[in-house]
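Spelled out, the chains give:
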Amino acid sequence: MDHAVIGRVTEVNAAKRQFTILGETFQADEKISIAVRNSGQSLPFKILQVGDVVSVSGLNRGGGYWLATAITRLYPADAAPARVPLLLRGQVDALYPDQNTLEVGATKLKVNGALLRAIQVGQSVVVRGEYTDGETRVESVSPTALAVQDVGNRVSLVGYLDRGGSGWTSDGVSLVESPHTLYANGDAADMRAGSMVAINGEVKAPGVVAVESVTFSINPMDFDLPPLPPVARGVGGNWERSENEGERPEINSPEIERPDVERPEVRPQVERPEILDGD
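Numbers given to residues run from 1 along each chain, matching the order in which its sequence is written. Where totals are concerned, whole chains, interfaces and linings use all residues; where local detail is concerned, this predicted model gives features only for residues with pLDDT of at least 70, and gives and counts side-chain atom pairs only at 80 or more. Hydrogens are left out, water is left out, and the side-chain values use all remaining heavy atoms of the structure.

## Some points on the overall build of the protein
Numbering goes from the N terminus for both helices and strands, where a helix is a DSSP run of H or I of at least four residues and a strand is a run of E of at least two. Of regular secondary structure, the protein possesses 0 helices and 21 strands. The buried label goes to any residue with under 20% of its type's maximum accessible area, the exposed label to any with over 50%, and the partly exposed label to all in between, with areas taken from a 1.4 Å probe on protein chains only. By the burial criterion, 37% of the 279 residues in the protein qualify as buried. Pairs at least 24 residues apart make up 60% of the contacts formed inside the protein by residues separated by at least 6 positions. To measure how exposed things are, a 1.4 Å probe is used in the Shrake-Rupley method; for residues, cover is taken only from the protein chains shown. When the accessible area of the protein is evaluated, it comes to approximately 16700 Å², of which 47% is carbon and sulfur surface. Note on contacts: a residue pair qualifies if any of its non-hydrogen atoms lie within 4.5 Å across the two residues.

## Quick word on the confidence of the model for the protein
Of the residues in the protein, 78% reach a pLDDT of 70 or more, and the chain-wide mean stands at 80. In this model residues 225-259 is a low-confidence stretch, pLDDT under 50, and it forms 41 contacts with partners more than four residues away in sequence or in other chains. Confidence of the predictor at the level of single residues is captured by pLDDT, which takes values from 0 to 100.

## Examining the nonpolar core
Residues Phe19, Ile21, Ile71 and Val127 are the most contacted members of the largest nonpolar core, which totals 40 residues. With sequence-adjacent residues up to four places away left out, Phe19 is seen in contact with Val9, Glu11, Val12, Glu24, Thr25, Phe26, Phe45, Leu48, Val56 and Ile71. Within the second largest apolar cluster, 15 residues are counted, among which are Leu161, Val173, Met191 and Ile199. In plain words, nonpolar cores are sets of buried Ala, Val, Leu, Ile, Met, Phe, Trp, Tyr and Cys residues tied together by side-chain atoms within 4.5 Å.

## As for unusual backbone geometry
Although it is not a glycine, Asn38 adopts a positive phi angle of roughly 60°. Among the secondary structure elements, Asn38 is positioned in the loop between strand E4 (34-36) and strand E5 (42-43). Positioned with a positive phi, Asn100 is a non-glycine residue whose angle comes to about 50°. You can see Asn100 is positioned in the loop between strand E8 (83-96) and strand E9 (101-104). Owing to a relative accessible area of 33%, Asn100 belongs among the partly exposed residues under this scheme.

Written out as structure tokens, the structure is:
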């Protein structure tokens, strides 16, 4: 997910390359450095500290754990304004309307009860808000438009396998294999909970993908997926939703290299008139 979380860092373990935002724990790969907003500067992971405001993209491992694939520092801890943005994407694990509380992953947030009326457990949502005087304030909870909800869509997914009650899932998407499913870097016996895979298939029902191929042992840092619209910075300096938020990302089909076919050169035949002697 691009911009999976935006918020204040509350814990950092530099030795393990782990950090926490909004109760969600991120593991940073050895290749990950920290980009600095609005500059070409890149900083080592060890500079990350509690209080920094960052935007993180990553793969959801479930249970409040993520693999970070990109980290951008929006504000250092000692230069963050009084009001900074908050954003969290994920599945709704629990609702407590009587307590005005929403639970997404490992994060419990206080929410105006009116915002919960159109939300259901199991739904993919994006939570937006801000920190004011160090306290979180949720301003909106919106269902996320996902390509896996529309029957007939062809999709590519990268994520961790989990075993659900009715079979394999990845980040809440049900995966249905068949005798025609192809496997790369392994076979059907290598389908194990916690394995990272790339899936290609077709949506057969909302949230259900008929799996055409599974690729094991992938490096998500090297696996290209269509980019999502960026989170835009508004005129007032606040980080806000992109004007394209909610639109389906365009799925780019791989370019097929066609062989060069050398065509034979055809010379036109010109019929020359016969010249008769004496004419």
